[in-house]
Protein chains: 2
Amino acid sequence: MITQRYRDMLKERSVIRQLSEWSTARGAEIGYDNVFDFSLGNPSVPCPPHFTAVCQRLLQNPDTVALHGYSPSATLPQVRAAVAASLQKRFGLPYTAQHIFMTCGAAGALAHALRCVGTPGQEVLTVAPFFPEYGPYAEGAGLTLKVVPPCTADFQIDFAALEALLTENTAAVLINSPNNPSGAVYSEQTLRRLAALLAAAGERHGHHIFLISDEPYREITYSGPVPYPARYYADTITCYSFSKSLSIPGERIGYLAANPACEAAGDIVAICTQISRGTGHNCPASLLQLAVAECLEDTSDLGVYAANMALLYDELKGLGFNVVRPGGTFYIFPQALEPDSIAFCEKAKKYDLALVPGDSFGCPGWFRMAYCIPTEKLRRSFPALERFVRGEYGIARV
Amino acid sequence: MITQRYRDMLKERSVIRQLSEWSTARGAEIGYDNVFDFSLGNPSVPCPPHFTAVCQRLLQNPDTVALHGYSPSATLPQVRAAVAASLQKRFGLPYTAQHIFMTCGAAGALAHALRCVGTPGQEVLTVAPFFPEYGPYAEGAGLTLKVVPPCTADFQIDFAALEALLTENTAAVLINSPNNPSGAVYSEQTLRRLAALLAAAGERHGHHIFLISDEPYREITYSGPVPYPARYYADTITCYSFSKSLSIPGERIGYLAANPACEAAGDIVAICTQISRGTGHNCPASLLQLAVAECLEDTSDLGVYAANMALLYDELKGLGFNVVRPGGTFYIFPQALEPDSIAFCEKAKKYDLALVPGDSFGCPGWFRMAYCIPTEKLRRSFPALERFVRGEYGIARV
């Protein structure tokens with residue numbers, strides 16, 4: 001019979017989903033162009049023409065049996081080698097093919113990483129604000145997600161709070177830099193301190209504590225290369241997706257990279273192949289594995305996100321918002337103008353603004369705006385923002 | 001730290017994998033063309049040119065943001081509608097888009113179906129001989145796989161044995177027709193009897209018992225359309241893959257179809273979207289969803305499998321093997337010439353024959369041959385087969 005557990009989950013309504021439905025419905029009334037939908041983190045720039053050209057060329061291979069054939073369960077060896085070489089070149093760690101496992105996006109990578117390092121019943125820590133799907137990811141692996149409260153001054157890490165949650169039952173710490181929703185990039189200093197803390201805790205508890213680094217926004221950065229977490233801590237598993245860098249989120253392609261210096265580094269991919277057997281993952285599409293292997297140093301034209309960020313940050317500051325300037329991603333995360341950010345975002349709808357309350361990200365009182373929208377539309381949203389804060393909170397431009 | 005459970009799994013060596021490695025090594029010595037590798041179930045015929053043309057055309061869409069964008073979590077609605085219409089036309093059940101969930105191959109479909117109908121701790125029954133990955137699939141969903149012993153006379157179902165295993169703790173019965181490894185197609189009579197038995201058991205135990213029908217070989221049939229299990233039993237979830245029909249196993253694309261008359265039929269796709277959140281599945285690649293939607297009535301040229309089956313069946317009969325004529329798939333499953341089929345297959349290697357012992361499929365004493373190889377090579381294997389049975393068992397051609 002139908003399992004009650006998942007039936008119960010149907011009653012939980014995703015706030016982002018509801019907002020998106022509201023935007024669609026409101027768009028049907030007044031034209032979608034007039035709804036300022038900041039709810040969805042969908043890339044809005046085209047994929048690189050090179051990606052399309054590579055797919056087209058691959059499809060000209062007359063040996064379709066080879067082209068569309070099964071991947072080995074560890075995924076395609078030449079693709080793993082190409083990813084390893086690129087990571088080695090960029091970040092200076094001695095990755096080889098044996099440390100790389102191609103996955104269906106970062107979600108697939110995280111599903112494997114969590115099962116790899118956590119035994120059901122253990123805990124995984126993450127830092128607020130955090131991507132809400134970390135909850136189901138952890139639960140699916142039989143782990144309990146514990147949340148470190150946010151450090152709202154700069155959205156780095158509150159280390160005292162993290163330390164208080166680290167116990168002998170902690171399997172891993174899951175971070176996301178550049179961060180969805182805050183846009184924060186963890187500094188070298190943050191990563192060094194985190195590494196020292198995890199190493200000490202591992203020593204104290206007599207087992208390795210893994211760092212799982214979720215990096216789908218790595219290439220969307222506004223101040224040079226993002227510090228690469230695996231460089232600071234040996235027991236790091238990096239989870240990557242090409243969704244944002246190549247604007248191909250629907251193609252579900254990414255990878256897991258085990259730091260060559262981590263515990264059981266040489267076995268992690270083999271362990272992932274065992275995990276896949278139980279989850280129905282079984283490799284991403286061969287065509288897409290082959291395609292991204294030729295586009296590892298490509299990105300879409302990500303400049304629009306930088307332009308939008310600068311415009312929106314200035315506008316929010318001008319309206320008096322308390323907001324940290326994002327270091328990357330296409331999100332910004334200001335403080336709401338009342339403590340109840342759900343009420344705040346509800347009121348915004350009256351001005352045709354779709355804003356996501358921070359409650360969904362473990363950070364009530366704040367809200368997320370995804371500015372991966374056309375710059376022209378972003379500009380048009382500013383008068384609506386201004387009407388909103390003046391109309392509801394009596395705040396005039398500073 | 002690295003999970004012991006999956007580490008332990010690394011010690012289990014897959015028999016098929018070992019055979020494949022042996023074939024590769026032996027091929028390096030004598031030329032792969034001279035190794036008669038019947039171990040791997042990989043399609044050997046090209047994909048339909050129409051599939052390639054559709055992919056090429058889709059990639060010409062200048063709106064790459066739409067083409068490569070996120071699927072809704074229930075997968076692409078127009079693709080689901082197309083699959084529903086095709087199934088409705090072919091099998092006469094009133095499927096609509098709401099009953100269809102696109103998956104990463106049949107493995108993805110089975111992972112969802114098992115979690116959907118089974119609560120951890122329950123049991124799922126399957127019928128020997130069976131695809132060995134059903135073990136990890138069930139275990140991954142927290143279920144125990146119980147195996148109904150084989151009915152070696154015709155590889156239909158031993159109903160007395162099935163009935164003996166059905167308890168109030170049975171969540172589902174998992175079948176595979178046409179069957180890997182036996183090639184058997186379940187007859188209408190078998191499916192009617194199975195339906196009656198499951199309905200009675202469900203009544204007795206006060207809950208629905210689901211039939212999960214794994215159908216990747218549905219289109220490879222040697223005597224007209226395969227009876228469609230969902231037509232005989234309302235509580236059926238059909239799991240399909242395009243891997244074999246379109247010869248694209250590496251592209252990982254298939255679907256789950258809930259019989260519109262099953263328990264909670266209208267909720268099953270929504271439940272699948274919840275299941276995906278915990279497994280990292282998150283929709284198959286958009287490009288491939290869109291491509292197969294235009295190729296639902298296409299198949300590769302599957303005639304070579306029929307030709308090979310007829311040749312091989314006659315040869316095995318001629319050598320005196322006890323063998324059931326396959327109704328579909330590209331497998332045949334004869335009885336070994338000694339009770340120990342592992343020893344039998346080991347001896348076959350001396351004649352450069354890679355045969356898979358039935359032990360892997362819950363059916364010791366028998367062995368599987370995958371005849372998805374070029375017909376020319378199949379013919380060349382016959383002298384080796386003859387030398388093998390004469391040399392090891394003193395059996396001459398009848």
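Each value, and the rule that gives it
- Residues numbered from 1 in each chain as written.
- Chains lettered and ligands numbered in written order.
- Predicted model: local features only at pLDDT ≥ 70, side-chain atom pairs only at ≥ 80, totals over all residues.
- Helix = DSSP H or I, 4+ residues; strand = E, 2+ residues; numbered from the N terminus.
- Rg over C-alpha atoms; globule rule 2.2 N^0.38 Å.
- Contact = placed C-beta atoms within 7 Å.
- Nonpolar A, V, L, I, M, F, W, Y, C, P; charged D, E, K, R; others polar.
- Axes fitted to C-alpha atoms, helices over the stretch in contact; angles between N-to-C directions.
- Parallel < 35°, antiparallel > 145°, perpendicular 65-115°, else oblique.
- Left-handed = near helix turned anticlockwise from the far one by under 90°.
- Core = buried A, V, L, I, M, F, W, Y, C linked by C-beta atoms within 7 Å.
- Buried ≥ 20, exposed ≤ 12 C-beta atoms within 10 Å, placed from the backbone.
- Least-squares fit on C-alpha atoms with pLDDT ≥ 70 in both.
- Pairing = 2+ DSSP bridges.
- pLDDT = per-residue confidence, 0-100.
- Domains from an automatic or database assignment.
- Right-handed = clockwise from strand over helix to strand, strands pointing away.

### Let's talk about the overall build of chain A
Phase 1 of the analysis: The secondary structure content of chain A amounts to 14 helices and 12 strands.
Phase 2 of the analysis: Since a compact globule built from 398 residues should have a radius of gyration of about 21 Å, the 21 Å found for chain A is in line with a globular shape.
Phase 3 of the analysis: Along the first, second and third principal axes, the C-alpha set of chain A runs to 60 × 55 × 55 Å.
Phase 4 of the analysis: Taking the intrachain contacts of chain A between residues at least 6 apart in sequence as the baseline, contacts between residues at least 24 apart amount to 73%.

### Quick notes on the interface of chain B and chain A
Phase 1 of the analysis: Contact with chain B, which involves 64 residues of that partner, is made by 64 residues of chain A.
Phase 2 of the analysis: Counting only elements with at least two residues in the side of chain B that touches chain A, the list comes to α1 (4-9), α3 (49-59), α4 (64-67), α6 (105-117), α7 (134-140), α10 (268-279) and α11 (286-293) of chain B.
Phase 3 of the analysis: Its residues placed into classes, the side of chain B that touches chain A shows 30 nonpolar, 25 polar and nine charged.

### Things to note about the packing of α3(B) against α11(B)
All names here are of chain B.
Phase 1 of the analysis: Running from N to C, α3 and α11 cross one another at 130 degrees; their axes reach a closest spacing of 9 Å. Of the possible angle classes, the one that applies to α3 and α11 is oblique. In this structure, α3 crosses over α11, and the sense of that crossing is right-handed. Contact residues: α3 offers Phe51, Val54, Cys55 and Leu58, while α11 offers Leu287, Leu290 and Ala291.
Phase 2 of the analysis: Taken together, the residues of the contact of α3 with α11 sort by class into seven nonpolar, no polar and no charged.

### Here's the deal with the nonpolar core
Phase 1 of the analysis: Ranked by internal contacts, the top residues of the largest apolar core, which has 251 residues, are A:Leu114, A:Tyr371, B:Leu114 and B:Tyr371.
Phase 2 of the analysis: Excluding residues that lie within four positions of it along the chain, A:Tyr371 makes contacts with A:Phe38, A:Asn308, A:Met309, A:Leu312, A:Phe330, A:Ile332 and A:Leu378.

### Observations regarding unusual backbone geometry
Phase 1 of the analysis: Note that the residue after B:Ser177, namely B:Pro178, is joined by a cis bond; omega there is -5 degrees.
Phase 2 of the analysis: Mapped onto the fold, B:Pro178 is located in the loop between β5 (170-176) and α9 (188-205).
Phase 3 of the analysis: Residue B:Pro181 is reached from B:Asn180 by a cis peptide bond, and omega for that bond is 20 degrees.
Phase 4 of the analysis: By the secondary structure assignment, B:Pro181 is in the loop between β5 and α9.
Phase 5 of the analysis: Backbone geometry at A:Ser247 places phi at a positive 55 degrees, although glycine is not the residue there.
Phase 6 of the analysis: On the secondary structure map, A:Ser247 appears in the loop between β7 (236-241) and β8 (254-258).
Phase 7 of the analysis: For A:Ser247, a count of 26 C-beta atoms within 10 Å gives the class buried.
Phase 8 of the analysis: Phi angles above zero are rare outside glycine, and A:Arg252 is one such case at about 50 degrees.

### Observations concerning the environment of A:Arg17
Phase 1 of the analysis: For A:Arg17, the position within the fold is in helix α2 (residues 15-30).
Phase 2 of the analysis: Sequence separation of A:Arg17 and A:Ser39 is 22 residues, and the distance between their C-alpha atoms is 8.7 Å.

### Regarding the relation of the copies chain B and chain A
Phase 1 of the analysis: Of the transformation superimposing chain B on chain A, the axial component is 0.0 Å and the angular component is 180 degrees, with the fit at an RMSD of 0.0 Å. Taken together, these values place the two copies in the relation of a two-fold axis.
Phase 2 of the analysis: Most of the interface of chain B is mirrored in chain A: 100% of its interface residues are interface residues there too.

### A word on the packing of helix α6 (residues 105-117) of chain A against helix α10 (residues 268-279) of chain A
All names here are of chain A.
Phase 1 of the analysis: Where α6 contacts α10, the axes come no closer than 9 Å and their chain directions differ by 110 degrees. By the angle between their axes, α6 is roughly perpendicular relative to α10. Residues Ala111, His112, Arg115 and Cys116 of α6 form the contact with α10, whose own contacting residues are Ile268, Ile271, Cys272, Ile275 and Thr279.
Phase 2 of the analysis: Grouping the amino acids of the contact of α6 with α10 by side-chain chemistry returns six nonpolar, two polar and one charged.

### Overview of the environment of B:Leu59
Phase 1 of the analysis: Tracing the chain through its elements places B:Leu59 in helix α3.
Phase 2 of the analysis: Classification of B:Leu59 by C-beta neighbours within 10 Å gives partly exposed; the count is 18.
Phase 3 of the analysis: Between the C-alpha atoms of B:Leu59 and B:Leu110, which are 51 residues apart in sequence, the distance is 30 Å.
Phase 4 of the analysis: Excluding its chain neighbours within four sequence positions, the residues that come into contact with B:Leu59 are A:Thr52, A:Cys55 and A:Gln56.

### Digging into the sheet that holds strand β3 (residues 123-127) of chain B
Residue and element names in this part refer to chain B.
Phase 1 of the analysis: If you trace the seven strands from one edge of the open sheet to the other, you get β2-β8-β7-β6-β5-β3-β4, paired in mixed fashion. If you trace the sheet from one side to the other, it starts and ends with β2 (100-103) and β4 (144-148), each paired once. When strand polarity is set aside, the average angle formed by the axes of neighbouring strands in this sheet is 20 degrees.
Phase 2 of the analysis: Summarising the sheet, strand β7 (residues 236-241) and strand β8 (residues 254-258) pair through five bridges and their orientation is antiparallel. Bridging from a neighbouring strand, Tyr240 pairs with Tyr255 of β8.

### Examining helix α11 (residues 286-293) of chain A
Residue and element names in this part refer to chain A.
Phase 1 of the analysis: The buried fraction of α11 is high, at seven of eight residues.
Phase 2 of the analysis: All of the buried residues in α11 are Ser286, Leu287, Leu288, Gln289, Leu290, Ala291 and Val292.
Phase 3 of the analysis: Its buried side turned inward, α11 meets α3 (49-59), α5 (77-91) and β2 (100-103).

### Examining the sheet that holds strand β3 (residues 123-127) of chain A
All names here are of chain A.
Phase 1 of the analysis: Taken in spatial order, the seven strands make up an open sheet running β2-β8-β7-β6-β5-β3-β4, and their pairing is mixed. For this open sheet the edge positions go to β2 and β4 (144-148), each flanked by a neighbour on one side alone. Between one strand and the next, the sheet's axes are offset by a mean angle of 20 degrees, whatever the strand orientation.

### Here we look at the confidence of the model for chain A
Phase 1 of the analysis: On average, residues of chain A carry a pLDDT of 96, and 99% of them reach 70 or more.
Phase 2 of the analysis: Across the assembled chains, the prediction reports ipTM 0.96 with pTM 0.96.

### Re the domain arrangement of chain A
All names here are of chain A.
Phase 1 of the analysis: Splitting chain A by domain gives domain 1 (4-47 + 301-393) and domain 2 (51-293).
Phase 2 of the analysis: Taking the mean C-alpha position of each, domain 1 and domain 2 sit 27 Å from one another.
Phase 3 of the analysis: Listing elements by their share of the side of domain 1 that touches domain 2, those giving two or more residues are α12 (303-318) and β9 (331-332).
Phase 4 of the analysis: With three residues, α12 is the single largest residue contributor to the side of domain 1 that touches domain 2.

### Side note on the pairing of strand β6 (residues 210-214) of chain B
Residue and element names in this part refer to chain B.
Phase 1 of the analysis: The element β6 is largely enclosed, with a buried count of five among its five residues.
Phase 2 of the analysis: Here β6 shows no split at all, with Phe210, Ile212 and Asp214 on one side and Leu211 and Ser213 on the other all buried.
Phase 3 of the analysis: With five bridges connecting them, β5 and β6 associate as parallel partners. Each residue of the ladder has a partner; that of Ile175, found in β6, is Ser213.
Phase 4 of the analysis: Regarding the hand of the β-α-β motif, the stretch spanning β5, α9 and β6 is right-handed.
Phase 5 of the analysis: Pairing between β6 and β7: four bridges, direction parallel. When the sheet's bridge partners are listed, Asp214 is paired in β7 with Cys239.

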